[in-house]
Amino acid sequence: MSIRVFCLGTNPWSLWPTLLGLRGLLVMGLILGLQTTSSNAFYLPGLAPVNFCEVNGETNYCQSSIEMYVNRLDSVESVLPYEYNTFDFCHDFTKQSPSENLGQVLFGERITSSPYEFSFNKSETCVKVCMKSYDTAKEDQKKKLDFLKRGMQLNYQHHWIIDNMPVVWCRDINGGNKYCTTGFPIGCFVTQSGVSSDACFMHPEFNKTNTYYIFNHVDITISYHSENEVDWYVSKLVSARLEPKSYKHVDENHLTCNGTPMEIPGDYTDKLNITYTYSVKFEENKQIRWGSRWGYILMSMSHTSIQWFSILNSFVVVLFLTGMVAMIILRTLRKDIIRYNQDDIQKDYGWKLVHGDVFRPPRHGMLLSILLGQGTQVLIMTFTTLSFRGLKWKTNFLLTALLCPGVVFVDIFIMNLILWIEGSSSAISFGTLIGILALWFGISVPLTFLGSYIGSFQKFDYPVSTNQIPRRIPHQDFIRRPLFSIIIGGILPFGCIFIQLFFILNSIWSHQMYIMFGFLFLVFIILLITCSEATILLCYFHLCSEDYHWWWRAFFTSSFTAVYFFAYAVYYFFARLKITGIASTILYFGYTMIMVLIFFLFTGTIGFFSCFIFISKIYSVVKVD
């Protein structure tokens, strides 16, 4: 999972578990976990608080210097994130940036030091950070300015960090509520036709057409909670907020941080100076303690207020339907078994009639075995791959270890090329790619071989024997044909996840926080139940109609939920997102296809093994001559 605890998979690189196989990632996760303690403390609510006090330098108890770090910039209108240093902002290359581990590299995180540094409880006003000059007659400076304009046009967002906390930007919305985000825009843009971006609402003077307004000033407010520890009065930071503003600094020697906004005309062809400034103030907060300092971020974010009634209603409906499925199957099966085992019954009928063919190996059993092997890795992290009494376990091992991960690798490799061409921070280097391949072939593939080798000695005895000659299947009407049942079988599982899916997609593509992991776990459990029971029910109906080709049908019945997943992702792209550009569109659907493939294997494996266990159970309790 992504190291960003409160944001689920904010970057599509978190899909690498399918590439490596969950078995290999057990070892990889251990390696990353050891490194998470230090480097990824910027995202975790740290276990060790930092004490601050008004002293010069640092002591054994506290420190006075507060450093601010900057992360990559992203946008809801583009899938491409960029490092902070890609834009021509103020930099401090003399400071050493935090080291990055493999997890941060894959997730596209690029945390670097910044020239912003404060002293605890020392308020400052209109402090100059740097000045950037642009001469449009010079090609290199013109490109920097154009890239900055492009960032404002696509609403790219800063992400700053103070004391392991994201610096949030809160603004008033309708109803007197606060809307808070962990990022704030570079600036805003008013088009030639007068249409302004979302951030231009901040100031009534942001109204000139074909004009960019850059936020070159920030008012930072840092709150702290003071307490007495070990005979030393110390403070801990509990919140960090800011408000971006735009000022045109006329006199660099006498900065006032007020007046007209910093305008950049769209057709500007002269020299331009942009001065970056900040103001900081400290406030004592006696209500919020360090242990609960993340609460104000989560509670104040209106867009994370999940529709509790809708989710609860979905749970009730899903539980009711699954209860009905279970009741129908149990009552009907009980009557069938009693009738089939009565001595006066002379003629077989229904699902008992196909007992000699129900365990006949399916067509393309090798491919089904490979898909189930991959699905099992995603589902329960086991070393098991399914082989239908076949002797080609070596071929099965190779394809299980290489087929689906290979498809994912090719997809991600193509996505990485696009990221590399676009100069995105999410593009992984060649050396990191070699490291991932080494983990794949050095850990996942050998463990797959070991599991296949051990599994080749295991034999499963079916409860009934298979006839030499396949039984003829009677004509099936439309509603009993495979396609219809597969389409119907995926509706119920999708119905229990689509609400959570909306918020998860918001977390991934709209950079919103996701915190309802308790509900997510409940939805996951209900998804398992609905996939199992829907597949078992349809499988039972087909057996009653003397159709014993259940192997592939069981897999596709529940895995068809992934098709609805993809259809919803397409709808979400056109209805909810503002992504523009061919590269971003390709990246969106490329990453979506990886998620769909994972979900396809996951749900298909649930349905197959549920049906397999069900069939094995019912045929083991009936008398067969």
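### Here's the deal with the overall build of the protein
Consideration 1: Helix and strand counts for the protein stand at 16 helices and 17 strands.
Consideration 2: Put simply, the protein has 625 residues, and 53% of those count as buried.
Consideration 3: Expressed as a percentage of contacts within the protein between residues at least 6 apart in sequence, the contacts between residues at least 24 apart total 78%.
Consideration 4: Taken as a whole, the protein presents about 29800 Å² of accessible surface, with 61% of it coming from carbon and sulfur.

### Focus on the state of the cysteines
Consideration 1: Overall, the coordinates contain 5 disulfides when judged by the stated rule.
Consideration 2: Two residues, Cys90 and Cys130, share a disulfide whose sulfurs are 1.7 Å apart. For the disulfide bridge between Cys90 and Cys130, the dihedral angle about the S-S bond is near -80 degrees, and by the sign convention the bridge is left-handed. Of the two residues, Cys90 sits in the loop between strand E3 (78-82) and helix H3 (102-107) while Cys130 sits in strand E5 (residues 124-135), which places them 40 residues apart along the sequence.
Consideration 3: Under the relative-accessibility criterion, Cys90 is labelled buried at 2%.
Consideration 4: Of the residues examined, Cys130 reaches a relative accessible area of 16% and is grouped as buried.

### Topic: the pattern of salt bridges
Consideration 1: Inspection of the entire model under this criterion finds 7 salt bridges.
Consideration 2: One salt bridge connects Arg293 with Asp163, and the closest N-O pair in it is separated by 2.9 Å. Of this pair, Arg293 sits in the loop between strand E17 (271-284) and helix H5 (295-299) while Asp163 sits in the loop between strand E7 (160-162) and strand E8 (165-166), placing them 130 residues apart in sequence. Each member of the pair, Arg293 as well as Asp163, carries the same accessibility label: buried.

### Structural notes on the sheet that holds strand E12 (residues 187-190)
Consideration 1: An order of E12-E13-E16 is seen for the 3 strands of this open sheet, with the pairing classed as antiparallel. The open sheet is flanked by E12 and strand E16 (263-265), the only strands paired with a single partner. Adjacent strand axes in the sheet meet at a mean angle of 20 degrees when their direction is disregarded.
Consideration 2: Two strands pair when backbone bridges link them, and strand E13 (residues 211-214) and E16 are joined in this way by 3 bridges, in the antiparallel orientation. Across the sheet, Thr211 pairs through a bridge with Pro265, a residue of E16.
Consideration 3: Contacts between helix H4 (residues 139-153) and the sheet are confined to E12, E13 and E16, with E13 contributing the most and set at about 90 degrees to the helix.

### Thoughts on a nonpolar patch on the surface
Consideration 1: Together, Phe521, Leu522, Phe524, Ile525 and Ile529 make up an exposed nonpolar region whose accessible area comes to about 410 Å².
Consideration 2: Residue placement: Leu522 occurs in helix H13 (residues 517-544).

### Structural notes on the packing of H13 against helix H14 (residues 551-559)
Consideration 1: The contact between H13 and H14 brings their axes to 9 Å, and the two run at 140 degrees. With respect to each other, H13 and H14 are oriented oblique. With respect to the hand of their crossing, H13 and H14 are arranged in right-handed fashion. Residue-level contacts link Cys531, Thr535, Leu538 and His542 of H13 to Arg553, Ala554, Thr557 and Ser558 of H14.
Consideration 2: Residue composition of the contact of H13 with H14, grouped by class: 3 nonpolar, 4 polar and 1 charged.

### Here we look at the nonpolar core
As a rule of thumb, soluble globular proteins bury nonpolar side chains together.
Consideration 1: Counting residues in each nonpolar core, the largest one holds 91 residues, and the members touching the most others are Phe118, Leu148, Trp160 and Trp509.
Consideration 2: At 11 residues, the largest contribution of residues to this core is made by helix H16 (residues 582-620).
Consideration 3: If sequence neighbours within four positions are ignored, Leu148 has contacts with Phe87, Phe89, Tyr134, Ile186, Ile214, Ile274 and Tyr276.
Consideration 4: One finds Leu333, Ile536, Leu537 and Phe555 within the second-largest nonpolar core, a separate group that totals 21 residues.

### Remarks on helix H12 (residues 498-509)
For an α-helix the count is 3.6 residues per turn, leaving residues at separations of three or four pointing the same way.
Consideration 1: Here H12 is 12 residues long and its end C-alpha atoms lie 16 Å apart, about the 16 Å a rise of 1.5 Å per residue gives.
Consideration 2: Burial within H12 is extensive, with 11 of its 12 residues counted as buried.
Consideration 3: With its phi angle positive at about 60 degrees, His511 sits one or two positions after the end of H12.

### Topic: H14
Consideration 1: For H14, the tally of buried residues reaches 8 of 9 residues, placing the bulk of the element in the interior.
Consideration 2: Within the span of H14, buried status applies to Trp551, Trp552, Arg553, Ala554, Phe555, Thr557, Ser558 and Ser559.

### What about the confidence of the model for the protein?
Consideration 1: Looking at the protein as a whole, the pLDDT averages 76, with 74% of positions reaching at least 70.
Consideration 2: Contacts of residues 1-46 to residues separated by more than four positions or lying in other chains number 130 contacts, the stretch itself having pLDDT below 50.
Consideration 3: Low pLDDT, under 50, characterises residues 380-386; the predicted model gives this stretch 20 contacts beyond four residues in sequence or across chains.

Parameters and conventions
- Residues numbered from 1 in each chain as written.
- Predicted model: local features only at pLDDT ≥ 70, side-chain atom pairs only at ≥ 80, totals over all residues.
- Heavy atoms only, no water.
- Helix = DSSP H or I, 4+ residues; strand = E, 2+ residues; numbered from the N terminus.
- Buried < 20%, exposed > 50% of the residue type's maximum accessible area, 1.4 Å probe, protein only.
- Contact = heavy atoms within 4.5 Å.
- Areas by Shrake-Rupley, 256 points an atom, 1.4 Å probe, with all protein chains shown as cover.
- Disulfide = S-S within 2.5 Å.
- Salt bridge = Lys/Arg side-chain N within 4 Å of Asp/Glu carboxyl O.
- Pairing = 2+ DSSP bridges.
- Axes fitted to C-alpha atoms, helices over the stretch in contact; angles between N-to-C directions.
- Patch = residues over 30% accessible without salt bridge, like charges linked within 9 Å, V, L, I, M, F, W, Y side chains within 5 Å.
- Parallel < 35°, antiparallel > 145°, perpendicular 65-115°, else oblique.
- Left-handed = near helix turned anticlockwise from the far one by under 90°.
- Nonpolar A, V, L, I, M, F, W, Y, C, P; charged D, E, K, R; others polar.
- Core = buried A, V, L, I, M, F, W, Y, C linked by side-chain atoms within 4.5 Å.
- Expected span 1.5 Å × (residues − 1).
- pLDDT = per-residue confidence, 0-100.

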